[in-house]
Amino acid sequence: MSETPPRDPGLQPERTLLAWRRTALALVVLAALATRTLAVELGPVAGALGGIGILLSAFAAVSAHLRYRRVLHGFAAADAGAAPLPAGGRTLALVAASALAIAVAGLVLVLTLATPGSR
């Protein structure tokens, strides 16, 4: 009779948490660069958009940390015989939708600024 090898309960969730932290940091940098670049064209609206980007990155970081804690507790419960955690993808869906919205807004802005006589 062979037993399943013991799993390492911390490495995979830890790597996922670190990846989400890097994603959140990249979102902050992107929001800061976009705010700085668009400040000339949009004025105070660029600051508001940058603030929204920073709030989204904070949401992604907090949500990833909460998910990490749930996964660790789920591993402990699964080891005790409880049902596994359901898969959750709300954070990923929100970040993807936000990235798509930012891309569309950027495309509209570029096409608007590139049109002759738009200034």
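Presented here is a report on the structure given in the accompanying data block. One numbering rule holds for all chains: residues counted from 1, following each sequence as written. Local features in a predicted model are, by the rule used here, given only for residues with pLDDT of at least 70; side-chain atom pairs are given and counted only at 80 or more, and totals for whole chains, interfaces and linings are based on all residues. The side-chain figures draw on all heavy atoms in the structure; neither hydrogens nor water molecules are used.

Strands are runs of DSSP state E lasting at least two residues, helices are runs of H or I lasting at least four, and both sets are numbered from the N terminus onward. Along the chain, the regular secondary structure elements total three helices and zero strands. Secondary structure elements in the chain, listed N-terminal to C-terminal, are α-α-α. In this analysis, two residues are considered to be in contact whenever any of their non-hydrogen atoms come within 4.5 Å of each other. When contacts within the chain are restricted to residue pairs at least 6 apart in sequence, those whose partners lie at least 24 apart make up 64%. Per-residue and other accessible areas were derived by the Shrake-Rupley procedure at a 1.4 Å probe size, with only the shown protein chains allowed to occlude residues. As presented, the chain carries roughly 8,700 Å² of accessible surface, and 72% of it is formed by carbon and sulfur atoms.

With a 1 Å grid spanning the protein atoms alone, the term cavity applies to any set of points in which a 1.4 Å probe fits but cannot get out, the term pocket to an open set with protein on both sides within 12 Å along at least five of seven lines, and the term lining residue to any residue with an atom within 4 Å of a point. Grid points are joined across faces, edges and corners, and a volume is the space filled by probe spheres set on the points. By volume, the largest pocket amounts to about 540 Å³. Lining of the largest pocket is provided by 22 residues; of these, A34, L38, L49, I102 and A105 occupy positions nearest its centre. Breaking the lining of the largest pocket down by element, the ones donating at least two residues are α1 (11–42), α2 (44–79) and α3 (90–114). Charged residues are taken to be Asp, Glu, Lys and Arg, nonpolar residues to be Ala, Val, Leu, Ile, Met, Phe, Trp, Tyr, Cys and Pro, and polar residues to be all remaining types, Gly included. Of the residues that constitute the lining of the largest pocket, the class distribution is 16 nonpolar, six polar and no charged.

A separate point is the nonpolar core. By nonpolar core we mean a set of buried residues, namely Ala, Val, Leu, Ile, Met, Phe, Trp, Tyr and Cys, connected to one another through side-chain atoms within 4.5 Å. Burial classification: accessible surface area is computed with a 1.4 Å probe over protein chains only, and a residue below 20% of its type maximum counts as buried, one above 50% as exposed, and the rest as partly exposed. Ranked by size, the top nonpolar core spans six residues in total: L17, W20, A60, A64, Y68 and V95. Going through the elements one at a time, α1 and α2 are the ones with two or more residues in this core. Ranked by residue count, the leading element in this core is α2, at three residues. Not counting residues up to four positions away in its chain, the partners in contact with L17 are A64, H65 and Y68.

Following both chains from N to C, one finds α1 and α3 inclined at 20°, their axes separated by 13 Å at the closest point. Here α1 lies roughly parallel to α3, going by the angle between them. In this structure, α1 crosses over α3, and the sense of that crossing is left-handed. Every residue of α3 that contacts α1 at W20, L38, E41 and L42 is listed here: T91, L92, V95, L109 and L113. Each residue belonging to the contact of α1 with α3 can be placed in one class, and the counts come to seven nonpolar, one polar and one charged. Each axis is a line fitted through C-alpha atoms, and for a helix only the stretch in contact is used; angles between axes span 0 to 180 degrees, taken between their N-to-C directions. The scheme is simple: roughly parallel for angles under 35 degrees, roughly antiparallel for over 145, roughly perpendicular for 65 to 115, oblique for anything else. Each crossing gets its handedness from the near helix: less than a right angle anticlockwise from the far helix is left-handed, clockwise is right-handed.

Below, the discussion takes up the environment of R15. Relative to the helices and strands, R15 resides in helix α1. For the pair R15 and Y68, spaced 53 residues apart in sequence, the C-alpha separation works out to 9.9 Å.

Here the focus is α1. An α-helix turns once per 3.6 residues; consequently, residues spaced three or four apart project the same way. To estimate the expected span of a helix, subtract one from its residue number and multiply by 1.5 Å. Helix length check: α1 (32 residues) gives 44 Å between terminal C-alpha atoms against 46 Å at 1.5 Å per residue, within 8%. For a residue, the bend is simply the angle between two axes, fitted respectively to the seven-residue segment ending there and the seven-residue segment starting there. At R36, α1 shows its strongest bend, of approximately 35°. Buried within α1 we find P13, L17, W20, A24 and A31. Phi turns positive, to about 65°, at G43, one or two residues after α1.

A separate point is the environment of L18. By the secondary structure assignment, L18 is in helix α1. Owing to a relative accessible area of 35%, L18 belongs among the partly exposed residues under this scheme. In this structure the C-alpha to C-alpha distance between L18 and A64, which are 46 residues apart in sequence, comes to 9.0 Å.

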